[in-house]
Amino acid sequence: MGKTWMNKETILTKYRDSLSSGDLCETAIHWIDSSLRSTEISRGTIESESNRRANYLSAQGCHPGDHVFIFLQFSAEIWYFFLGALKCGAVPCVLFPNFGADALTARLKIGKADFLVIDQSGLKFHSLLRTIPTLKKILVCGELPVPLTVEEKTVVFGEAERERASDDFSAISVQPHDPAFMVFTSGSTGFPKAVLHSHRIADAIVRSMRDVLQVTAADRYWCTAHPAWITGTVYGVLGPLLCGIASVQYAGIYHAKRWMPILQDQKVSVWYTAPTALRSLMAEPADFFTGFDFGALRTIFSIGEPLNPAVFDWGKEAFGREIHDTWFQTEAGTIRIANLSGMKIRPGFMGKAVDDAQVVILNKRNQEAAPMEIGRLCLKEGWDSCFMDYFGQRAAFAEKFQSGFYESGDLASCDADGYIRFVGRDDDVINTSGHLVGPFEVESVLLEQPEIADVAVTAAPDDLLYEKVAAFVVLREGVEMDSKLESRLRVAVTTRLSPYATPKLFILLSEIPRNNAGKILRKELRKLLNSGE
């Protein structure tokens, strides 16, 4: 990359700064359970509980550079183990709790997990997890059920172990270029990639919270993204911790009748959410929103997929607030393009480059595109929050950087005033409800089903989800597609991968279109979808 990093701050030094500048009794997280009961978690509690996890991890042999994977139901334990792992000099990685066996084991193997933290829900994979060659220990958070006994590779972190672990811990000294955390993204032609970010991201996170989201110590901030996504890791976990800002976390599933009371009762002032959630809210009758008081709400930001002009217009009507679109990627680390507060918003445009981002749209001749000419959305090398590697895939990392620019894989255009408009993906990743799904994983599961002779998976437009997973299938001779077979195929994908990877649409073909090299011609499949054939 060729940049000399002048900033010596790390995530741990920024975190220590935030502790020294405030009252440890102050609330760090307003935790809302699925019944809307609120529990306040103080800054001091996060500090002491993460110290206990750091001591426990160290006692189990966790060393600097080890990979600590966190596979838990949504709870404050994610925060405690994530920060505890960082204090050990380890590299934490949060995984979605609804992953199936294939999705889980693929990521553990790709990321070469050394430690895995699970809870009762993860015990169903226990026998499978013990076969992961790199795993040194499986840490079960909570008490073990009677049939399962502790053995060499499986240990328990229950209340007794928590009490024995000291709440005092001296964090390992790390450097800005050291690996800090890992987040998985989806690929179009293979299994997901493990994106590594270094500690040098710390200052960029703080700048982003302050200058882009414009969150202050007086705000009540809610980022709805799960910590397994880069948005949840950076803006749900790290951002509030490093800035000493009180955040709201909701442990339940999405529902308008729960989200709106949270916004009102928690007096949320800065809300960072996704267009899918906003489009779901649009389905509610207009008078539903008049029953709530959103007087504390100052700003709404959106991330994960394009913000439709219709959603923007609806937001102004329902909340009396403009919705500010933002753009970045797992590899980018922090927000690179945004509609800032106070900036004139052009609906349908993501905004302008922010912070140290230098955004360039390159055309087919690798020249800067003319105003409103569609081209490849690229970032000039050298921004502070840039990822440091695809773990174990250095060649893939190098391919992302061409002639001094990072290739995002997105297509966009830019007007004469610097406003950037998202056009689409230049690869085959499916963006469904803000979740990125690589078609390869879904195809792999479907091909294992005895009824399927061949399959290709691609994105289909969807009014609510933005895109949905569509599966083109060739059935084996004598097999007919019916509702029972569709259900079995969906269950297979849901069980092995996750619910959001499940095809919403099955289309029968006699043959999957491929080129001479055998590569699936997904553009031809998308043409079939658009033509309605």
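By convention here, each chain's residues receive numbers from 1 onward along its written sequence. A pLDDT threshold of at least 70 governs which residues receive local features in this predicted model, and a stricter bar of 80 or more applies before side-chain atom pairs are shown or counted, although totals over entire chains, interfaces and linings include all residues. Think of the side-chain values as coming from all heavy atoms in the structure, minus any hydrogens and water.

Student: Outline the overall build of the protein chain, supporting the account with residue identities and numerical values.
Tutor: Each helix and strand in the protein chain was counted, giving 16 helices and 27 strands. Each principal axis of the C-alpha atoms in the protein chain carries an extent, and together these give about 65 × 60 × 55 Å. The long-range fraction of contacts in the protein chain, counting pairs at least 24 apart against all pairs at least 6 apart in sequence, stands at 66%. Accessible areas in this description were obtained via Shrake-Rupley with a 1.4 Å probe; residue shielding takes into account the shown protein chains only. Taken as a whole, the protein chain presents about 21800 Å² of accessible surface, with 51% of it coming from carbon and sulfur. When charges are tallied, Lys and Arg are placed among the positive residues and Asp and Glu among the negative ones, while His and the ends of the chain are skipped. In plain terms, the charge of a residue is placed at NZ if it is Lys, CZ if Arg, CG if Asp and CD if Glu. Side-chain charges in the protein chain split into 56 positive and 65 negative, and the spacing between the mean points of these groups amounts to 2 Å. Counting from the N terminus, the helices are the DSSP runs of H or I reaching at least four residues and the strands are the DSSP runs of E reaching at least two. Residues are treated as being in contact if the distance between any of their heavy atoms lies within 4.5 Å.

Student: Residues and numbers for the environment of V94, please.
Tutor: Tracing the backbone shows V94 in strand β4 (residues 91-94). For the pair formed by V94 and L116, sequence separation is 22 residues and the distance between their alpha carbons is 9.9 Å. When near neighbours in sequence (up to four residues on either side) are disregarded, V94 contacts I70, I78, F82, M182, H226, P227 and A228.

Student: Could you give me a rundown of the pattern of salt bridges, with the residues and numbers involved?
Tutor: Should a side-chain nitrogen of Lys or Arg be within 4 Å of a carboxyl oxygen of Asp or Glu, the pair is scored as a salt bridge. Scanning the model with the defined rule gives 37 salt bridges in all. Among the salt bridges present, the one from E47 reaches K87, with a minimum N-O distance of 2.7 Å. Here E47, found in helix α2 (residues 43-59), pairs with K87, found in helix α3 (residues 77-87); they are 40 residues apart in sequence, far enough to count as distant. A salt bridge links D211 to R210; the shortest N-O distance between them is 2.8 Å. With relative accessibility at 37%, the residue D211 sits in the partly exposed group. Exposure remark for R210: the relative accessible area of 47% places this residue in the partly exposed category. If you follow the salt bridges from partner to partner, you end up with K14, D203, R207, R336, D355, D356 and D384 in one network. The classification of residues rests on relative accessible area computed with a 1.4 Å probe and restricted to protein chains. Under 20% of the type maximum is buried, over 50% is exposed, and intermediate values are partly exposed.

Student: An account of the nonpolar core is requested, with residue identities and associated values reported.
Tutor: Proteins that are soluble and globular tend to have nonpolar side chains buried together. Definition of nonpolar core: a set of buried residues of the types Ala, Val, Leu, Ile, Met, Phe, Trp, Tyr and Cys, connected through side-chain atoms within 4.5 Å. Counting residues in hydrophobic clusters, the biggest one holds 137 residues, and the most contacted among them are F181, Y221, Y235 and Y272. With eight residues, the top contributor of residues to this core is α3. By size, the runner-up hydrophobic cluster in this structure holds 25 residues, among which are W222, M260, L281 and F294.

Student: An account of unusual backbone geometry is needed here, citing residue identities and associated values.
Tutor: A positive phi angle is found at L36, which is not glycine, with a value near 70°. Along the chain, L36 turns up in the loop between β1 (27-32) and β2 (38-42). According to the relative accessible area criterion, L36 is partly exposed, its value standing at 32%.

Student: A description of the sheet that holds strand β11 (residues 246-250) should follow, citing residues and the corresponding values.
Tutor: Read from one edge of the open sheet, nine strands run β2-β1-β11-β10-β12-β13-β14-β15-β16, paired in mixed fashion. The sheet is open, and its two edges are formed by β2 and β16 (352-353), each paired on a single side. We treat two strands as partners when DSSP finds at least two bridges between them. Across three bridges, strand β10 (residues 220-223) lies against strand β12 (residues 270-273) in parallel orientation. The residue bridging C223 from the neighbouring strand is Y272, located in β12.

Student: If you had to explain the sheet that holds strand β5 (residues 115-118) to someone new, which residues and values would you point to?
Tutor: Spatial ordering of the open sheet is given by β4-β3-β5-β6-β7, a layout of five strands whose pairing is parallel. Each edge of the open sheet carries a strand with a single partner, namely β4 and β7 (154-157). Strand after strand, the sheet turns through a mean of 25° between neighbouring axes, direction not considered. Those strands touched by α3 are β3 (67-71), β4, β5, β6 (137-141) and β7, and its axis lies near 155° from that of β4. Geometry is summarised by axes, namely lines fitted to C-alpha atoms with helices restricted to the contacting stretch, and by angles between N-to-C directions that run from 0 to 180 degrees.

Student: So what about the environment of D428? Which residues, and what values?
Tutor: Position of D428 relative to the elements: it lies in the loop between β22 (420-425) and β23 (430-432). For D428, a relative accessible area of 14% translates into the label buried. For the pair formed by D428 and H226, sequence separation is 202 residues and the distance between their alpha carbons is 23 Å. As used in this structure description, the phrase polar contact means that two N or O atoms lie within 3.5 Å; if the pair is within protein, one of them must be able to donate a hydrogen and the other to accept it, and residues adjacent in sequence are counted only when both atoms belong to side chains. There is a polar contact of 3.4 Å between the side chain of D428 and the side chain of R522.

Student: An account of the pairing of strand β26 (residues 466-475) is needed here, citing residue identities and associated values.
Tutor: Where burial is concerned, most of β26 is hidden: eight out of the ten residues are buried. In this sheet, β26 lies alongside strand β25 (residues 452-462) in antiparallel orientation, the contact comprising ten bridges. What sits directly across from P461, in β26, is E467. The hairpin turn running from β25 into β26, its antiparallel successor, is three residues long. Note: β26 against strand β27 (residues 505-508), four bridges, orientation parallel. Looking at β27, one finds that A471 is bridged to F506. The parallel pair β26 and β27 is bridged by helix α15 (residues 483-496), and the resulting crossover is right-handed. For crossovers, right-handed means that the path from the first strand over the helix to the second runs clockwise, given strands pointing away from the viewer.

Student: Describe the packing of helix α7 (residues 201-212) against helix α8 (residues 230-243), naming the residues involved and giving the relevant values.
Tutor: Packed helices, taken two at a time, are described by the angle between their axes plus the distance between the axes. Taken N-terminus to C-terminus, the directions of α7 and α8 make an angle of 90°; their axes are 9 Å apart at the nearest point. One finds that α7 runs roughly perpendicular with respect to α8. In contact with I201, A202, I205, V206, S208 and M209 of α7, α8 contributes V234, Y235, L238, G239, P240, L242 and C243. Of the residues assigned to the contact of α7 with α8, the class counts are eleven nonpolar, two polar and no charged. Should an angle fall under 35 degrees it is called roughly parallel, over 145 degrees roughly antiparallel, and 65 to 115 degrees roughly perpendicular, with every other angle called oblique. All residues other than Ala, Val, Leu, Ile, Met, Phe, Trp, Tyr, Cys, Pro, Asp, Glu, Lys and Arg, Gly among them, are scored as polar; the first ten of these are nonpolar and the last four charged.

Fair warning: the whole summary comes from geometry, so function is off the table for now.
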